[in-house]
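Coordinate inspection notes
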Amino acid sequence: MSHVTDLTCLVCGKRYPPDGVAYVCPDHGNEGILSVNYDYDRIQRHISRERLARDGDPTMWRYRALLPMAPEAELPPLTVGGTPLYQTRALGASLGLRRLWVKDEGRQPTASLKDRASALAVVKAREKRAPVITTASTGNAAAALAGLCASVGQPNIIFVPASAPQAKIAQLLAFGAQVMLVEGSYDQAVELCLAAADTYGWYNRTTGFNPYMTEGKKTAAYEICEQLGWRAPQRVFVSVGDGCIIGALHKGFADLLALGWIEEIPRLMGVQAAGSNYLYTAWAQAADVLTQPPISADTVADSISAGLPRDRLKAMAAVRASEGAFIEVSDTEILAAIPELAAKAGIFAEPAAAAAHAGLVKAAARGEIGADEEIVLLSTGSGLKDVASAMQAVASRGISPQRVAPDLSAFKEMFATKARHDEETPIDRPNH
Ligand SMILES: *Cc1c(COP(=O)(O)O)cnc(C)c1O
Ligand SMILES: [Zn+2]
């Protein structure tokens, strides 16, 4: 038995027993996103900070008493969670911040934070003995699901926009997923996946529809606090597409607050691409996200391109309740953030992940952040996911490699010329 008590519809507040509903509130269709509630008193009997300190398991399953699963559930073997939290002094100093940390989710098995949700999806689907799992995705959720499914031999069918970066599609194909390249937007891929899953009875992992994906992703918040010695940072910067991750961070911090393990929930700073700024706009205009119409999304940061963020209710609630903010950044700022983060912290991020850094740069430049605030930047996915954008990012800063013949005298001549040239025209290297 898990410690879940019931599920609440975020639209009408109606409560359902854990087995009383498949994914969403029947009264509100796909808009009726559910939030998962727990019995914290019972949880306290199974988990404590002291017990965690003695637990040698570094994966997200160390927190399984706080997850919607039976303690004896069979786990996929890949190492999900336990990603590093680095104090990045040089990066912080360049922004006038003394306590800046970066959590690198690019270190997950399929190289993005989505593994946390997909691992739980595999557990839930096996609980239901589902023959097939499906998801719609901009790419990373798909790669994560395909990888986690491959690790347990679970058939899966994936819907991604045909425009997804090559690396993500390569992951899907290599992991053996049945890949449907949807000739349309991510939003259209979601609609098709929801309809197909309903038609064929597949288990559906889709974000902002399956209520448990928030639960998998919230383990990132647990790790942040545990890695800081059970202290919550003052702010977390995270990029936002559908809004599931930021909602999940809020849920994770709220769980820890309910357990009395932290004293305050950090201010959640949601960073959106200017070309996919549904939530930023709704927040700035104090609009109701239930009625605000979709926008047409277009950004280099494919993982946060969403015309109608599926988890917008949780995302907006997270920012408002934590007294955080939404920030929008241009594609130019996003691309510039890739070599910044890479050269000053050694962390190579895909555009959507670097967007969080671009948002931090913007907030710091506006003087909105105190020099002694403890800040965590969540880097949600690896730069290897989208090499074409990384190449574009360095090229636009005038950073280029030097071509040379395989010969020392040619090298010496080239090197001397280069030294003279660099002295005359110093380029804007990110680590200077
Ligand atoms: C999915 C994803 C995001 C955004 O998460 P949402 O839950 O859609 O807001 C950000 N960065 C990366 C790398 C992602 O894969
Ligand atoms: Zn409802």
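Residues numbered from 1 in each chain as written. Chains lettered and ligands numbered in written order. Predicted model: local features only at pLDDT ≥ 70, side-chain atom pairs only at ≥ 80, totals over all residues. Heavy atoms only, no water.

1. So, the packing of aromatic side chains
Per the counting criterion, the structure on display carries eight aromatic pairs. When the centroid spacing of 5.0 Å and the interplanar angle of 15° are considered together, the rings of tyrosine 200 and tryptophan 202 count as stacked. A relative accessible area of 58% places tyrosine 200 in the exposed class. A residue is classified by how much of its surface remains accessible, and tryptophan 202, at 17% relative accessible area, is buried. (Phe/Tyr/Trp six-rings, centres within 6.5 Å; stacked < 30°, edge-to-face > 60°. Buried < 20%, exposed > 50% of the residue type's maximum accessible area, 1.4 Å probe, protein only.)

2. Brief notes about a nonpolar patch on the surface
Among the surface-exposed residues, Phe348, Leu384, Val387 and Met391 lie close enough to one another that they form a single nonpolar patch of about 400 Å² accessible area. Along the polypeptide, phenylalanine 348 turns up in the loop between α13 (331–345) and α14 (351–365). A residue is classified by how much of its surface remains accessible, and phenylalanine 348, at 34% relative accessible area, is partly exposed. (Patch = residues over 30% accessible without salt bridge, like charges linked within 9 Å, V, L, I, M, F, W, Y side chains within 5 Å. Areas by Shrake-Rupley, 256 points an atom, 1.4 Å probe, with all protein chains shown as cover. Salt bridge = Lys/Arg side-chain N within 4 Å of Asp/Glu carboxyl O. Helix = DSSP H or I, 4+ residues; strand = E, 2+ residues; numbered from the N terminus.)

3. Things to note about the domain arrangement of the protein
The domains assigned to the protein are domain 1 (85–108 + 215–393) and domain 2 (402–432). Each of domain 1 and domain 2 was reduced to a C-alpha centroid, and the two centroids are 37 Å apart. (Domains from an automatic or database assignment.)

4. Some details on the sheet that holds strand β2 (residues 15–16)
Pairing within the open sheet is antiparallel, and its three strands lie in the order β2-β1-β3. Taken across any chain shown, the strands that pair with only one partner, and hence form the sheet edges, are β2 and β3 (34–38). As paired strands, strand β1 (residues 4–9) and β2 are joined by two bridges and run antiparallel to one another. Along β2, the bridge assignment pairs leucine 7 with tyrosine 16. (Pairing = 2+ DSSP bridges.)

5. Let's talk about the sheet that holds strand β5 (residues 99–104)
Here six strands make up an open sheet; going across it, the order is β4-β5-β13-β10-β11-β12 and the pairing mixed. Two strands bound the open sheet, and with one partner strand each, they are β4 (85–87) and β12 (325–329). The sheet shows a mean angle of 25° between the axes of neighbouring strands, taken without regard to direction. Taken together, the five bridges between strand β10 (residues 235–239) and strand β11 (residues 267–273) define a ladder with parallel strand orientation. By the bridge assignment, phenylalanine 237 is partnered in β11 with methionine 269. Packed onto the sheet, helix α9 (residues 219–227) meets β4, β5 and β13 (374–379) and runs at close to 135° relative to β5. Strand contacts of α13: β5, β11, β12 and β13, with the helix running at about 95° to β12, the strand carrying the most contacts. (Axes fitted to C-alpha atoms, helices over the stretch in contact; angles between N-to-C directions. Contact = heavy atoms within 4.5 Å.)

6. A few points about the coordination of the zinc ion (ligand 2)
Distances from the zinc ion (ligand 2) to its protein donors, Cys9 (SG), Cys12 (SG), Cys25 (SG) and His28 (ND1), fall at 2.2 to 2.4 Å. In this structure, the zinc ion (ligand 2) is surrounded by four donor atoms whose angles at the metal cover 102 to 119°, and the resulting shape is tetrahedral. (Donors = N, O, S within 2.8 Å, 3.2 Å for Na, K, Ca; no water. Tetrahedral: all angles 85-135°; square planar, octahedral: opposite > 155°, others 65-115°.)

7. With respect to the pairing of strand β7 (residues 156–161)
Consecutive side chains along a regular strand alternate between the two faces of the sheet. Most of β7 sits out of view: six of its six residues are buried. Burial of the side chains of β7 extends over both faces: Asn156, Ile158 and Val160 are buried on one face and Ile157, Phe159 and Pro161 on the other. Relative to β7, strand β6 (residues 133–136) runs parallel, the two being bridged by four bridges. Following the sheet pairing, alanine 136 is matched in β7 by phenylalanine 159. Regarding topology, helix α5 (residues 140–152) serves as the crossover connection from β6 to the parallel β7, and that connection is right-handed. Alignment of β7 against strand β8 (residues 178–182), held across five bridges, turns out to be parallel. Looking across to β8, one finds that isoleucine 157 is bridged to glutamine 178. Note on the crossover from β7 through helix α6 (residues 166–174) to β8: the handedness is right-handed. (Right-handed = clockwise from strand over helix to strand, strands pointing away.)

8. Looking at the nonpolar core
The biggest cluster of nonpolar side chains holds 99 residues, and the ones touching the most others in it are Trp61, Phe159, Leu249, Phe253, Leu256 and Leu279. Leaving out residues up to four positions away in the same chain, leucine 256 has contacts with Ala221, Tyr222, Cys225, Trp230, Trp261 and Ile262. Within the second largest apolar cluster, 33 residues are counted, among which are Leu91, Leu97, Ile338 and Ala356. (Core = buried A, V, L, I, M, F, W, Y, C linked by side-chain atoms within 4.5 Å.)

9. Re the site of ligand 1
Taken together, 15 residues sit near ligand 1, with Lys114, Asn140, Gly241, Gly243 and Thr380 positioned nearest. In this structure, an oxygen atom belonging to ligand 1 sits 2.8 Å away from a main-chain N or O atom of glycine 241. The backbone of glycine 243 places a nitrogen or oxygen atom 2.8 Å from an oxygen atom of ligand 1. Considering ligand 1 on its own, with 380 Å² of exposed area, one finds that the protein chains cover 98% of that surface. (Near = heavy atom within 4 Å. Polar contact = N/O pair within 3.5 Å; in protein donor to acceptor, adjacent residues only side chain to side chain.)

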